[in-house]
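The lines below spell out each chain.
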Amino acid sequence: MFLIYCPYCEEHREEEEFHPKGQAHIARPADPEACSDEEWGDYLFFRDNPRGIHHELWVHAVGCRKFFNITRNTVSYEILETYRMGEQPRFTAEHPEGKPAETVAAEKASAAVEEVERQEGVKA
């Protein structure tokens, strides 16, 4: 048994409390009605299965019941990080040692600005 850190509960809990839900960061087609059957089938059924760093969607089923993402190394099963929905991972295939703190801070600031702009666009 191993422990998984829930970014919402902010504590490590036993793995039995969590359930994997598949690959993370899958973009839904902007216009599903315009997709061909092949494009829609690819979206629904085909997932990446890399050897190495992989981003997965998990749910804390027995705890807070919230979905979050895990960056895991599929070779060693090591969990490199957990992060909330909407956040970007620090560890990627391009940055297996983790992105520099300045890059992560800049990405968070950019995401915050985009969120404010989106909310202002809704109000207008």
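Presented here is a report on the structure given in the accompanying data block. Since the structure is predicted, the reported quantities are computational estimates derived from the model, not experimental observations.

## A word on the pattern of salt bridges
Point 1. With the rule as written, the count across this model stands at four salt bridges.
Point 2. Two residues, E10 and R84, come together in a salt bridge whose shortest N-O distance is 3.8 Å. Note that E10 is positioned in the loop between β1 (3–6) and β2 (11–14) and R84 in strand β6 (residues 79–84), a separation of 74 residues in sequence.
Point 3. As a salt-bridge pair, E17 and R13 come within 3.0 Å of each other at their nearest N and O atoms.
Point 4. What you see here is one network of salt bridges that share partners, running through E11, R13 and E17.

## Digging into the pairing of β6
Point 1. With five bridges connecting them, strand β5 (residues 67–73) and β6 associate as antiparallel partners. Across the sheet, residue N69 finds its bridge partner in β6, namely Y83.
Point 2. If you look at the hairpin formed by β5 and β6, you'll find five residues sitting between the two strands, and Y77 has a positive phi there, around 65 degrees.

## Considerations on the state of the cysteines
Point 1. Per the counting criterion, the structure on display carries zero disulfides.
Point 2. In this model C64 remains outside any disulfide bridge; the closest cysteine sulfur is found in C9, 3.7 Å from its own.
Point 3. For C64, a relative accessible area of 27% gives the class partly exposed.

The rules we used
Residues numbered from 1 in each chain as written. Predicted model: local features only at pLDDT ≥ 70, side-chain atom pairs only at ≥ 80, totals over all residues. Heavy atoms only, no water. Salt bridge = Lys/Arg side-chain N within 4 Å of Asp/Glu carboxyl O. Helix = DSSP H or I, 4+ residues; strand = E, 2+ residues; numbered from the N terminus. Pairing = 2+ DSSP bridges. Disulfide = S-S within 2.5 Å. Buried < 20%, exposed > 50% of the residue type's maximum accessible area, 1.4 Å probe, protein only.

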